[in-house]
Amino acid sequence: MTEILFHHVSKLFGTSRAVTDFCLRITPGELIVVVGPSGCGKSTLLRLVAGLEEITSGTLMMGSVRMNDVPAAQRGVAMVFQNYALYPHMTVRDNLAFALTIARRPKPEIRAAVERIAQTLDLTACLDRLPGALSGGQRQRVAIGRAMLRNPRVYLFDEPLSNLDPALRVTTRTEIARLKERMPDATMIYVTHDQVEAMTLADRIVVMEQGAIRQVGTPLDLYARPRTEFVARFIGSPAMNLLPGTVVRTGPATTVALAQGAGVTVPIPTQPQDLGRAVRLGVRPEDLTPAGGCASIVSGRVLRTEPLGDVTLLQVAGPEGTVMARVPGTRTDLRHTDIALAADASRLHLFQDGLSLLCRDKGAGLSADH
Amino acid sequence: MAGITGRRSRPILHLLLAAMVLLWTLPTLGLFVTSFRAGDAVRVSGWWTALAPATQSGMVRIAGDDTASGAVRSGSVLRPDQSGARITAFGVSSRDPDAFAAGQTAELPLGGQLTLHADGRYRLVTPDPAASGQRVFFAATMPPAFTFQNYFHVLSSEGLVGSLVNSALVAVPSTLLPLTLATFAAYALAWMRFPGRALLAVATVALMAVPLQMALIPVLRFYNFAGQALGLDTKSFLGIWLAHTGFGLPLAIHLLRAGMSAVPREIIEAARLDGASELRILIGIVLPLSLPVLAAFAVFQFLWTWNDIMVALVFLAPQEVLTARLVNLMGSRGGEWEVLAASTFVSLAVPLVVFFLFQRHVVRGAVAGIST
């Protein structure tokens, strides 16, 4: 049961900022998923927690202990790496036992612990093999097992599924979820660029961009109320459509005029001074449904259809540019036809200068969440 | 590179390679064959004729023998070690050394007859048993003859064994010492963070550019000074070990650092998180994973210290290493190529064995050093 607290943590490599003024409280037993595009500082963040990098400024607390200067081995954290980082010249058994051997635990205890973990992770059959003789999924299970054997307070996962093929990714993801259920007390930080992993595993998601937190929240919170265009487009697949428009009526509900002249009323409050401002209307592809006539938001010609079996993705060329829509069933018949798409007004988003109008009043106070 | 080594130029490339290999190995082969030939064979024909029968001429004086009871003498003109030879012709005067065919009987100018058979047996009938020796000239076809005699000779009587031991006493510690030191240095340069690390790494690489010939005398002077100050014998094995270690360290550190850097960072970080100390990471993780590079350097350094003569002459006076012994042999046995060839091959054998034992590692390790 360990709480992790980041207090204005920054990390500089030379003069370039990898992590900027990072503030977050991770509650005990929470599984936090950090997502963001490559180079956003999410892996660096993990390495700061592990003690593999030094914190430039700010404070990192685990429980009630300041961790900035505690050596990696004494932090009680275990890390699972993207490339597994198994010791290639040692058998699976020795890989698993390495930490306990170094800690000079009695041999029978090590043996028992290794065999228990191997049982849990279905690795008993390959205990005496070298990592090179294992499949990718088995290797990753050994890496996870090696972390579990140390019985750490905090688990760190650095893109653990990225090197696996898609089918294996799904099963291993499920395994990690099961593992978490069995260890409700373990605090976990999980870094990925895969938003499906983030949505399915996380208690809370941290979206990072350029070393800073863009938004923190539960998966569904991030999906329903993205604070910025970046978060809106990062969470959800295909990405949210953003249509340029102008505010034509303000009040408790706002009316936005889109390029083709249609007015869309969104139940998001605006101030009188917003009148005439350029905004962007956000609508998710899965919220768009074919509709007739005046109720439509977007209309245009279907350029491409991508049938996925249960749903069909439509690429529609409208006056605002290309819009993606996701309609149920197989609708290849819609190709090269004109279509009008509508959406529930409560599922629309409004952004001005990249920031959601819903969150505007909170200002730049992103730390309000912590 | 793909264009240069493309399919079209392959035959030329292979031809060139074959020519180079031949050029490099032919002298060694010659040396090898020569070392197994008898000295007189070496002097009359080249080593490339050694595999075919050779024609050789000789002269034997059948000496007068006071104890001989009769006027008939018999024996063989061939030595026991020439037993395979066949006599083709013989004569009894230097003007006509092959006047008679084998098996014929020659009338001697001073009376008497000489019969010489193809297998070398002769029968001499002479009127005067006390006469001075009768000269017999003959031409013989020698079968290809190889002998270990040269090796027995050089190993037993030319002081080669002693210098072989000396060479080993120089080369083995001179390999292990820099290997051990460089292991620690390379690990630090590759995986530990400290100020000035990059500068140190560059400096060691720069040291590889210092020619040994230039540094030798200053190093020797400093070493002598230090030895005298500490009251140590300056012409000892310790001196040459230190000298070889010093000259070998830059390459060793560079090569090992490159090899150790190739170990994935995550593996070392995982070990660090597992609580392993730096020493434990080095010995338990990094060393086993960089064995090819270690082997490569060990082979390089061993060959270099084994073949070295200059450092040995400067730093090791009373004891003689193999190379120095060979040079001395050149002076004292300059004409006896078979002795020199055998000695050289004795000195070659050890590096050859080492190289063939480790050649896989040498190639892999050397490539690892280049690619970084």
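Our subject is the structure listed above.
Now for a look at the structure at hand. (Residues numbered from 1 in each chain as written. Chains lettered and ligands numbered in written order. Predicted model: local features only at pLDDT ≥ 70, side-chain atom pairs only at ≥ 80, totals over all residues. Heavy atoms only, no water.)

### Quick notes on the overall build of chain A
Line of reasoning, step 1. If you tally the helices and strands in chain A, you get 8 helices and 21 strands.
Line of reasoning, step 2. Along the first, second and third principal axes, the C-alpha atoms of chain A reach 75 × 45 × 35 Å.
Line of reasoning, step 3. Sequence separation of 24 or more characterises 65% of the internal contacts of chain A that already satisfy a separation of 6 or more.
Line of reasoning, step 4. Working note: accessible area of chain A is about 16,000 Å², and carbon and sulfur atoms make up 51% of it.
Line of reasoning, step 5. Each charge class in chain A can be summarised by its mean position, and for the 41 positive and 35 negative side chains these summaries are 4 Å apart. (Helix = DSSP H or I, 4+ residues; strand = E, 2+ residues; numbered from the N terminus. Contact = heavy atoms within 4.5 Å. Areas by Shrake-Rupley, 256 points an atom, 1.4 Å probe, with all protein chains shown as cover. Lys, Arg positive; Asp, Glu negative; His and termini not counted. Charge placed at Lys NZ, Arg CZ, Asp CG, Glu CD.)

### Digging into the overall build of chain B
Line of reasoning, step 1. A tally of regular secondary structure across chain B gives 13 helices and 8 strands.
Line of reasoning, step 2. At 31 Å, chain B has a C-alpha radius of gyration far larger than the 21 Å of a compact globule built from 372 residues.
Line of reasoning, step 3. Dimensions of chain B, computed from the C-alpha atoms along their principal axes, are close to 105 × 65 × 35 Å.
Line of reasoning, step 4. Out of the 372 residues in chain B, the part that is buried amounts to 39%.
Line of reasoning, step 5. Contacts spanning at least 24 positions in sequence make up 73% of the contacts within chain B whose residues lie at least 6 apart.
Line of reasoning, step 6. Accessible area for chain B stands at about 20,400 Å²; split by element, carbon and sulfur atoms hold 68% of it.
Line of reasoning, step 7. Positive and negative side-chain charges of chain B, numbering 25 and 19 respectively, have mean locations separated by a distance of 12 Å. (Rg over C-alpha atoms; globule rule 2.2 N^0.38 Å. Buried < 20%, exposed > 50% of the residue type's maximum accessible area, 1.4 Å probe, protein only.)

### As for the environment of B:P351
Residues and elements named next belong to chain B.
Line of reasoning, step 1. Summarising the element assignment, P351 is placed in helix α13 (residues 337–371).
Line of reasoning, step 2. The class for P351 is buried, based on a relative accessible area of 7%.
Line of reasoning, step 3. P351 sits 85 residues away from E266 along the chain, and the two C-alpha atoms are 38 Å apart.
Line of reasoning, step 4. Those residues in contact with P351 that sit more than four places away from it in its chain are L303, W306 and N307.

### Examining helix α1 (residues 42–50) of chain A
Line of reasoning, step 1. By the criterion of burial, α1(A) is predominantly enclosed, with 8 of the 9 residues buried.
Line of reasoning, step 2. After α1(A) finishes, the residue A:G51 shows a positive phi value of roughly 90°.

### As for unusual backbone geometry
Residue and element names in this part refer to chain A.
Line of reasoning, step 1. A cis geometry characterises the amide bond from S237 onward to P238, with omega recorded as -5°.
Line of reasoning, step 2. Considering the arrangement of structural elements, one finds P238 in the loop between α8 (229–234) and β11 (241–249).
Line of reasoning, step 3. Positive phi, close to 45°, is recorded for D21, a residue that is not glycine.
Line of reasoning, step 4. Mapped onto the elements, D21 comes out in strand β2 (residues 16–26).
Line of reasoning, step 5. On the accessibility criterion, D21 (44% relative accessible area) is partly exposed.
Line of reasoning, step 6. The phi torsion at A85 lies on the positive side, around 50°, for a residue other than glycine.
Line of reasoning, step 7. In this structure, A85 sits in the loop between β6 (77–80) and α2 (92–102).

### Remarks on the packing of helix α8 (residues 265–273) of chain B against helix α9 (residues 278–289) of chain B
Residues and elements named next belong to chain B.
Line of reasoning, step 1. Between α8 and α9, the shortest axis-to-axis distance is 10 Å and the interhelical angle comes to 130°. Relative to α9, α8 is oriented oblique. The two elements α8 and α9 meet at a crossing, and its hand is right-handed. Touching I267, I268, A271 and R272 of α8 are E278, I281, I285 and V286, all from α9.
Line of reasoning, step 2. Here the contact of α8 with α9 is built from residues that sort into 6 nonpolar, no polar and 2 charged. (Axes fitted to C-alpha atoms, helices over the stretch in contact; angles between N-to-C directions. Parallel < 35°, antiparallel > 145°, perpendicular 65-115°, else oblique. Left-handed = near helix turned anticlockwise from the far one by under 90°. Nonpolar A, V, L, I, M, F, W, Y, C, P; charged D, E, K, R; others polar.)

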